[in-house]
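Coordinate inspection notes
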Amino acid sequence: MKNITFCLIFLMFSCSVGSVAQNKREMNLKPGQISLSLIQNSDFLNSVLNTSQREKDTVLAASSKILRDQIHSVTDKKHKDYVPDDFKDVIPIIDFMLAIDSLNGHAIYFKGEVYRLLNVEDRFLEFFKMYIKIEDSIGPQLKDVTNPRLCYDTARGYCEHRTAWIYQLLANYYYKKGTTETDLKRRNDLLNAARIYIQKVRIHFPNGFNSSSVTLSTIELENNLH
C-alpha cells in the first residue's frame, strides 16, 4: 500500500519511481506536498538530488518547517531526560537535508540541538561551532533575517536571529562551566570564551534574549561576566 501511495505521488510530479533521470528536471514541487513520510523515502531523496537548484531550495525550506515542528513535538511533551529514541523521526529529516546540502544551516543547527538535549557536550559544541564557521564564511552573501519564523522560509538556514541564539547558548554553556571550574586558568579560559560569545549576541541580535529554562538572559550573562 505504501509503495502504491508513493507511486501516485511521484506521478503527480511527472517522474517515475526507481529510475534516476540523467538530466536535471523540474518536479514542480509545492511546499505543501512534502511530508515526513516522503522525506523518509530514499527514492524521493534520489529524485530531489537530480532536480534543479530551485527545486532543491523548495524542498529544503519546506523540510526545515517539518523539522522544526517535529523537534517541538518532542520538546513540548518532554522537558528533560531525553534519550536518542525521542528523536527517531527528527534525525532522518536532518540526514535528508544534509544529503541535499551538506552545509545546510537548518540541519546543522538542529543536529547540534539534538546533541545538546541529549547532553552530549562535545557533539553539540561541534555542530554549533560548525554553524558559526560556515555562517562567518558566507555571511556577507546572506539576507539579514531577524524574525525567527522567517528563517524557515530560507533554504540555507543561516539567519541573524539563529546565529545570535547559538552564540547565546554557547555563552551560557561556557559561563556555567566556568563558574563550577576549580582550576583558575581553566576557569578564566571558560569565562573569557563566554564573554566573547555574549558580545557576539548583541552584534547579530541587539535586543538580546530573555531568560528561559535553557539560558540566562543576555543581560544577566553580561552583568555576571563583567
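Residues numbered from 1 in each chain as written. Predicted model: local features only at pLDDT ≥ 70, side-chain atom pairs only at ≥ 80, totals over all residues. Heavy atoms only, no water.

**A closer look at the overall build of the protein chain**
This is how the line gets drawn: Strands here are runs of E lasting at least two residues and helices are runs of H or I lasting at least four, both read from the DSSP assignment and numbered beginning at the N terminus. Between buried and exposed lies partly exposed: a residue is buried under 20% and exposed over 50% of the maximum accessible area for its type, with that area taken using a 1.4 Å probe on protein chains only. Whether two residues are in contact is decided by their heavy atoms, any of which lying within 4.5 Å being enough. Throughout, the Shrake-Rupley method with a 1.4 Å probe supplies accessible areas, and for residues the shown protein chains are the sole cover considered.
Per the secondary structure count, the protein chain includes 10 helices and 0 strands. Along the protein chain, from the amino end to the carboxyl end, the secondary structure elements read α-α-α-α-α-α-α-α-α-α. Looking at the 226 residues of the protein chain, the share that counts as buried comes to 47%. The contacts of the protein chain with a sequence gap of at least 6 include a subset with a gap of at least 24, amounting to 65%. Approximately 12,300 Å² of the protein chain is accessible, and the part contributed by carbon and sulfur atoms is 52%.

**Quick look at the state of the cysteines**
Applicable threshold: By convention in this document, the label disulfide applies to cysteine sulfur atom pairs within 2.5 Å.
For the coordinates displayed, the defined rule picks out 1 disulfide. With its sulfur 2.0 Å from that of its partner, C151 forms a disulfide with C159. Disulfide C151-C159: torsion about the S-S bond near 85°, hence right-handed.

**Focus: the environment of H204**
Within the secondary structure, H204 is located in helix α9 (residues 184–204). Sequence-distant contacts of H204, that is, excluding residues within four places in its chain, are made with E135, E160, T163, A164 and Y167.

**A few points about the nonpolar core**
Rules: As used in this record, nonpolar core signifies buried Ala, Val, Leu, Ile, Met, Phe, Trp, Tyr and Cys residues forming a set joined through side-chain atoms within 4.5 Å.
By size, the foremost hydrophobic cluster in this structure holds 60 residues, and its most contacted members are F87, F96, L170 and Y174. Element by element, the count of residues in this core is highest for helix α8 (residues 160–180), at 10 residues. Beyond its immediate stretch of four places on either side in the chain, F87 contacts I71, V74, Y82, P92, V114, L117 and L118.

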